[in-house]
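Letter by letter, the chains look like this.
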Amino acid sequence: MKKILLSTIILLALTANVQAQSLRIGVKGGLNYANQNGTNITVNNRNYTTDAITSYHAGLIAEVKLLENLAIQPELLYSTQGATYKNALGDIKNELGYISIPVLAKIYLNKTISLELGPQASFLLSEKNNFAVKDAKTFDFAGAGGLTVYLTKSLFIQGRYVLGLTEVSREAKTTNSVLQVSAGLMF
């Protein structure tokens, strides 16, 4: 009986240890270099070109280890995106605040470098602009890809490009594009 009880305790301890190592949670934040791309950008019957804006993102991340060199990394981020619309009459800064949920496949090239690739769904929370009407769509779908470098076992830096696949505006036929640079900490 003692052997069975001892074996059960050891098995439970090993299982808990394996499960704890397969899930890591962390935080990250950083800068966005965001723009909106499209052809024939027209708002209120005026043609515009766009310039990128610098903004930010921050949130929670998790890593679920599937194999030695493969993991899934879901994230929950607040991210500001948008662009400055320019024409002869002036500039209009359009800043959109999203809750973004990327779910990325994470491939470890070695112990310190990993590649990430996957979809991202974003939901519009706020819109700051000088347009006469609020015209942003409330959902944005994108593809994301990037590279992470672990400086220590817990501290990392990351670069990512997010390419919008759906139009973000009812008036202007535009999609989001965002270059992100982040720093984070895994627990």
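Starting from 1, residues in each chain are numbered consecutively following that chain's sequence as written. Whole-chain, interface and lining totals are the exception, using all residues; otherwise, since this is a predicted model, local features are given only for residues with pLDDT of at least 70 and side-chain atom pairs are given and counted only at 80 or more. In computing side-chain values, all of the structure's heavy atoms are included and hydrogens and water are not.

J.: Explanation requested: the pairing of strand 11 (residues 174–186) in the structure shown.
T.: Looking down a regular strand, the side chains alternate between one sheet face and the other. Strands qualify as paired when DSSP identifies two bridges or more between them. Numbered from the N terminus, helices here are DSSP runs of H or I no shorter than four residues, and strands are runs of E no shorter than two. By the bridge criterion, 13 bridges tie strand 1 (residues 23–38) to strand 11 in an arrangement that is antiparallel. Looking at strand 11, one finds that Gly-26 is bridged to Met-186. In the sheet, strand 10 (residues 155–164) pairs with strand 11 via 9 bridges, with the strands oriented antiparallel. By the bridge assignment, Ile-157 is partnered in strand 11 with Ala-183.

J.: Teacher, can you tell me more about the pairing of strand 10 here?
T.: Only one face of strand 10 is covered, namely the one carrying Phe-156, Gln-158, Arg-160, Val-162 and Gly-164; the face carrying Leu-155, Ile-157, Gly-159, Tyr-161 and Leu-163 has none of its residues buried. Pairing between strand 9 (residues 139–150) and strand 10: 9 bridges, direction antiparallel. Bridged to Gly-146 within strand 10 is Arg-160. Connecting strand 9 to the antiparallel partner strand 10 that follows it, the hairpin turn spans 4 residues. The buried label goes to any residue with under 20% of its type's maximum accessible area, the exposed label to any with over 50%, and the partly exposed label to all in between, with areas taken from a 1.4 Å probe on protein chains only.

J.: Even after reading the chapter, I still don't get the confidence of the model for the protein chain, so can you show me in this structure?
T.: Regions with low pLDDT carry predicted coordinates that are not meant to be interpreted in detail. Across the protein chain, pLDDT averages 85, with 80% of residues at or above 70. Within the protein chain, the element-level pLDDT minimum falls on helix 1 (residues 2–22), averaging 53, and the maximum on strand 10, averaging 98. Per residue, pLDDT measures the predictor's confidence, with a range of 0 to 100. By the convention used here, residues are in contact when the closest approach between their heavy atoms is within 4.5 Å. Predicted confidence for residues 11–18 stays below pLDDT 50, and this span has 0 contacts to residues more than four positions away or in other chains.

J.: Sorry, what's going on with the environment of Thr-84 here?
T.: One can find Thr-84 in strand 6 (residues 70–87). As for Thr-84 and Asn-35, which are separated by 49 residues in sequence, their C-alpha atoms are 7.9 Å apart. Once residues within four sequence positions are removed from consideration, Thr-84 is found in contact with Thr-49, Thr-50, Asp-51, Ile-53, Asp-91, Ile-92 and Lys-93.

J.: Please clarify how the packing of aromatic side chains should be interpreted in this entry.
T.: Between 30 and 60 degrees the pair is tilted, below 30 it is stacked and above 60 it is edge-to-face, where a pair is any two Phe, Tyr or Trp rings, Trp via its six-membered ring, whose centres lie within 6.5 Å. The tally for this structure, following the rule as stated, stands at 4 aromatic pairs. With centroids separated by 5.4 Å and ring planes inclined at 55°, the aromatic side chains of Phe-123 and Phe-139 adopt a geometry described as tilted. Taken as a pair, Phe-123 in strand 8 (residues 113–128) and Phe-139 in strand 9 lie far apart in primary sequence, 16 residues in all. Using a relative accessible area of 39% as the deciding quantity, one classes Phe-123 as partly exposed. Of the aromatic side chains, those joined through ring pairs into one cluster are Tyr-108, Tyr-150 and Phe-156.

J.: Help me understand the environment of Ser-22 in this model?
T.: As for its position among the elements, Ser-22 is in helix 1. Taking the relative accessible area as the measure of exposure, Ser-22 reaches 25% and is therefore partly exposed. Each C-alpha atom, one on Ser-22 and one on Glu-63, is 7.7 Å from the other, the two residues being 41 residues apart in sequence. In this view, Ser-22 contacts Glu-63, Val-64 and Lys-65; residues no more than four positions away in its chain are not counted.

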